[in-house]
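# Chains, contacts and geometry: an overview
If you want the building blocks of each chain, they are given just below.
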Amino acid sequence: MRRLFRRIASTAVLGLVAATLSATAAAQPAAAAAGGLQQVTGFGSNPGNLQMYEYTPAGLPANAPLVVALHGCAQTADAYYANSGWPKFADQWGFDVVFPQTTSANNALSCFGWFDPAEDSRGKGEAASIVQMVEHAKQSRGSDGRRVYVTGLSAGGGMTADLLAAYPDVFAGGSVASGLPAQCATSQAAASGCQTGPQKLNPAQWGDKVRGAYPGYTGPWPRVAIWQGTSDYTVYPANATALRDQWTDVWGIGQTPSSTDTLPGNTTRSVYNDAAGRPAVETYSVSGMGHGLPVSPGSGADQCGTAAAYFLKTICSTYYTGVFWGLDGGNPGGGDGGEALPAPAGVKVTGVTGTTASLSWNAVGGAASYAVFRNGTKIASPAGTTYTDTGLTAGSTYRYTVAAVDGSGTLSAASAQVTAVTTGGVTARCFTATNYAHVAAGRAHTTGGYVYANGSEANMGLYNVFVTHTLKESPAGYFVIADSGCTG
C-alpha cells in the first residue's frame, strides 16, 4: 500500500486518489453520461482539453443560477452527478449544473491540475476551459452571470480554490471539499507537500496568493465554504485551516468565528461574517471523516447523495452549501434578502504617521454613514468619506475596509481592503539571498513560478537559486527590494 502511494504520488503528483486499486476501479464508471446528464461539445476553444457535461432540470427558466461541480481524481463527471446530490437540489431549487471532466490524457489519474500554472491560472488551460463552459451555459441556457458558483472534491477542490482566485469576477461563491488553498503548489514536486502540510504562511501571505492570481481586482470576493474531515490523511486538515486563513484575509474579516454551531454527522460549522454581518466564509469540520465528499443518503429535506468511494455517509454537504449560497431562495450568505447599498469604491490610504493612518473613499448614494473596520473589527462610524485612525503602534501594518450604512442601519458589503504601514518604531533589517532562500525563510512567496516580496508584493523574478536580491524589512513582515543599497 505504501509503495503504491509513493508510486502514485511520484508519477501523478497528487495522492488524491483511491487508497486501493479496487476502490479506484469502482470510482470509474463508463464515460458515457447516464440519466439526465448530457455531454456538450463545441463550447469553446477548450485549451485545457476537458469534456463538458450538463444537467438541466426540465422547464428551467432563463436567468437561473449555475453551479460548476468538479470531480476528484480517478472519478468522472458521471460519478459526481450520480453521488454528490447536486441533481436533487437542481430539481428542487431550480438551477443548472455543469460537470467538467478531465481524463487520463491530461493526467494519469484524471486529476484536475490544481498544482500547474499552465492549467489553473487565469486565461490558461483547464481553468480557461471551465470558464468557457460557464459562458456557454450563460449563452445557451440564459444562466444568471451574477449567480455562478463552483464546487469540487479533492483535486477538484484544489482547482475550485484556484478558480475562485483567478476568476473572482466570474464566480459568486465556492465550496472546497477535502481540497487545497489557492496556489498552494505551483509545481508537481510541491503538490504532495501541500497535501500533508501546506506552507506555514500567515493569513496575509495566504491572501496574497489570491490577490496575486488576478492583479488589480478589487472585489467583490466570492463567498467560500470549506469542508474537511478530521481524519483525512490524504489531504490533511491543516489545509482547511489555511483555506480559512486565506479567504478571511481576502475578505478582511479576521480569523475568529462570528458563531459556531453543531450540525448532523458530527459536524461543527464555524461562520465568519463580513462587514454587513452576513457569512462570507464558513468552515465545516466533520469529526472522524476521512477523505471524501460528505453525503447523507435519504429523502429528508437536508439529505442527499449516495455513499460510494469518496462519497462518505455523514452529512449532505450539498444542501448546506446551497443554502449558504442562497440557491434555496434565501439571501446569499444569510440576512433578510433586502437590497443593500453598494460597497464603497476608491478606498485609499491618504497618509500615515507613527501613530495614525488616514483614509478616504468615494461617497455612496443613499448612505447615512459609513463603518470603518481595522483588521476585521469595526472601529468607527463616520458620517463623511474620510477618517483618521489614531493610537496606532509605530512601524506596524494595519488593514482597513469600509462599508456603507443605510438609514435602517443595514451595512453594504465591505470595500476592497487597503493596507497602511505606520512610520518609525523599527530599525530596518536587510537580507541578501537567492529567491529560493528568501521564500524558504518566509520573506517572500511564490505565485505562478515567480517570487514576490511579502508585504510590498514586489516582483523578484523567477523562483530559483540563480536570482539574488537584497530585501529590506521595515516594519516587521514588510519587505521591499533594496538591491541598490539597504540602510536603516
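Up top is the structure these notes are about.
What comes next is a walk through the structure. Only a predicted model underlies this, so the values are computations on that prediction, with no experimental measurement involved. (Residues numbered from 1 in each chain as written. Predicted model: local features only at pLDDT ≥ 70, side-chain atom pairs only at ≥ 80, totals over all residues. Heavy atoms only, no water.)

## Structural notes on the overall build of the chain
The following threshold applies: Where helices and strands are cited, they refer to DSSP runs of H or I of at least four residues and of E of at least two residues respectively, numbered from the N terminus. Burial status follows relative accessibility: with a 1.4 Å probe on protein chains alone, a residue under 20% of its type maximum counts as buried, one over 50% as exposed, and anything between as partly exposed. A contact between two residues is defined here by any heavy atoms of the two lying within 4.5 Å. All accessible-area figures derive from a Shrake-Rupley calculation using a 1.4 Å probe, and residue coverage is judged against the displayed protein chains alone.
Helix and strand counts for the chain come out as 12 helices and 25 strands. A buried classification covers 53% of the 488 residues belonging to the chain. Of all intrachain contacts in the chain linking residues separated by at least 6 positions in sequence, the fraction that spans at least 24 positions is 65%. Accessible surface, the chain: about 18,700 Å² in total, of which carbon and sulfur atoms supply 50%.

## Brief notes about the sheet that holds strand β18 (residues 397–405)
Hydrogen bonding along the main chain pairs the strands of a sheet, whether they run parallel or antiparallel. Note the following rule: The pairing criterion for strands is at least two bridges between them, as found by DSSP. All axes are obtained by fitting lines to C-alpha atoms, using only the stretch in contact for helices, and the reported angles, taken between N-to-C directions, cover 0 to 180 degrees.
The strand order across the open sheet built from four strands is β16-β15-β18-β19, with neighbouring strands paired in antiparallel fashion. On the outer flanks of this sheet lie β16 (377–380) and β19 (418–421), each paired with one strand and no other. Neighbouring strand axes in the sheet, compared pairwise and without regard to direction, differ in orientation by 40° on average. As paired elements, strand β15 (residues 369–374) and β18 share six bridges and run antiparallel to each other. Paired with Phe-373 across the bridge in β18 is Thr-401.

## Observations concerning the packing of helix α4 (residues 86–94) against helix α11 (residues 317–325)
Rules: For this classification, under 35 degrees means roughly parallel, over 145 means roughly antiparallel, 65 to 115 means roughly perpendicular, and everything else is oblique. Less than a right angle of anticlockwise turn of the near helix away from the far helix marks a crossing as left-handed, whereas a clockwise turn marks it as right-handed. Under the grouping applied here, Gly and all other residues not named as nonpolar or charged are polar, the nonpolar ones being Ala, Val, Leu, Ile, Met, Phe, Trp, Tyr, Cys and Pro and the charged ones Asp, Glu, Lys and Arg.
Where α4 meets α11, the axes come as close as 10 Å, and the angle between the chain directions of the two elements is 40°. Judged by the angle between their axes, α4 and α11 are oblique. Note on packing geometry: the crossing formed by α4 with α11 is right-handed. Residue-level inspection shows Trp-86, Phe-89 and Trp-93 of α4 in contact with α11, the latter providing Thr-318, Tyr-319, Thr-321, Gly-322, Val-323 and Trp-325. For the contact of α4 with α11, the residue count by class is six nonpolar, three polar and no charged.

## Concerning the state of the cysteines
Definition in use: In this description, the term disulfide denotes a pair of cysteine sulfurs within 2.5 Å.
For the structure on display, the rule yields three disulfides. Disulfide partner of Cys-73: Cys-111, at an S-S distance of 2.1 Å. Its S-S torsion of approximately 130° makes the covalent link between Cys-73 and Cys-111 right-handed. Linking Cys-73 in the loop between β3 (66–70) and α3 (77–83) with Cys-111 in the loop between β4 (96–101) and α5 (117–120), this pair joins segments that are 38 residues apart in sequence. Both residues of the pair, Cys-73 and Cys-111, count as buried.

## Here we look at the nonpolar core
For the record, the criterion: Think of a nonpolar core as a cluster: buried Ala, Val, Leu, Ile, Met, Phe, Trp, Tyr and Cys residues, connected wherever their side-chain atoms sit within 4.5 Å.
If you look at the biggest cluster of nonpolar residues, it comprises 44 residues, and the most contacted ones within it are Val-68, Leu-70, Leu-163, Tyr-167, Phe-171 and Trp-247. The set of elements that each furnish at least two residues to this core consists of β3, α6 (125–141), β5 (148–153), α7 (155–166), β7 (223–229), α10 (238–251) and β10 (279–286). Ranked by residue count, the leading element in this core is α6, at seven residues. Setting aside residues up to four positions removed in sequence, Leu-70 forms contacts with Tyr-80, Pro-100, Phe-112, Ile-130, Val-150, Thr-151, Gly-152, Leu-153, Gly-156, Met-159, Thr-160 and Leu-163. If you look at the next biggest cluster of nonpolar residues, it comprises 35 residues, including Cys-304, Phe-311, Ile-315 and Trp-325.

## Some thoughts on the sheet that holds strand β20 (residues 429–434)
Strand order in this open sheet of three strands is β20-β24-β25, and the pairing throughout is antiparallel. Each edge of the open sheet carries a strand with a single partner, namely β20 and β25 (479–481). Strand-to-strand twist in this sheet, taken as the mean axis angle between neighbours without regard to direction, amounts to 30°. Looking at chain direction, strand β24 (residues 468–473) and β25 are connected through three bridges and run antiparallel. Paired with Glu-473 across the two strands is Phe-479, which belongs to β25.

## Concerning α11
Most of α11 sits inside the fold, with seven of its nine residues counted as buried. Buried within α11 are the following residues: Ser-317, Thr-318, Tyr-320, Thr-321, Gly-322, Phe-324 and Trp-325. The positive-phi residue at the C-terminal boundary of α11 is Gly-326, with phi of around 90°.

## Digging into a nonpolar patch on the surface
Using the following cut-off: Only residues whose relative accessible area exceeds 30% and that form no salt bridge enter a patch; like-charged residues are grouped when within 9 Å of one another, and nonpolar side chains (Val, Leu, Ile, Met, Phe, Trp, Tyr) when within 5 Å. Salt bridge criterion: a side-chain nitrogen from Lys or Arg within 4 Å of a carboxyl oxygen from Asp or Glu.
A cluster of nonpolar side chains, Tyr-436, Tyr-463, Val-465 and Phe-466, forms an exposed patch at the surface whose accessible area comes to about 460 Å². Looking at where Tyr-436 falls in the secondary structure, it is placed in helix α12 (residues 435–440). Residue class for Tyr-436 comes out partly exposed when judged on its relative accessible area of 45%.

## Observations regarding the pairing of strand β6 (residues 173–177)
Cut-off, in case you're wondering: Crossover handedness is defined by viewing with both strands directed away from the observer: a clockwise path from the first strand over the helix to the second marks the crossover as right-handed.
The element β6 is largely enclosed, with a buried count of five among its five residues. On β6, burial covers both faces: Gly-173, Ser-175 and Ala-177 on one face and Gly-174 and Val-176 on the other are all buried. One ladder, built from five bridges, connects β5 with β6; its direction is parallel. From the neighbouring strand, Gly-152 faces β6, where its bridge partner is Val-176. In this view, the connection linking β5 to its parallel neighbour β6 by way of α7 has right-handed handedness.

## Observations concerning α6
To keep things clear, this is the line we draw: Here the expected span of a helix is defined as 1.5 Å times the quantity of residues minus one.
In this model, α6 (17 residues) spans 24 Å end to end at C-alpha, consistent with the 24 Å of a helix rising 1.5 Å per residue. Looking at the buried positions of α6, the neighbouring elements they touch are β2 (51–55), β3, β4, α5, β5 and α7. Gly-142, located one to two residues past α6, shows a positive phi value of around 75°.

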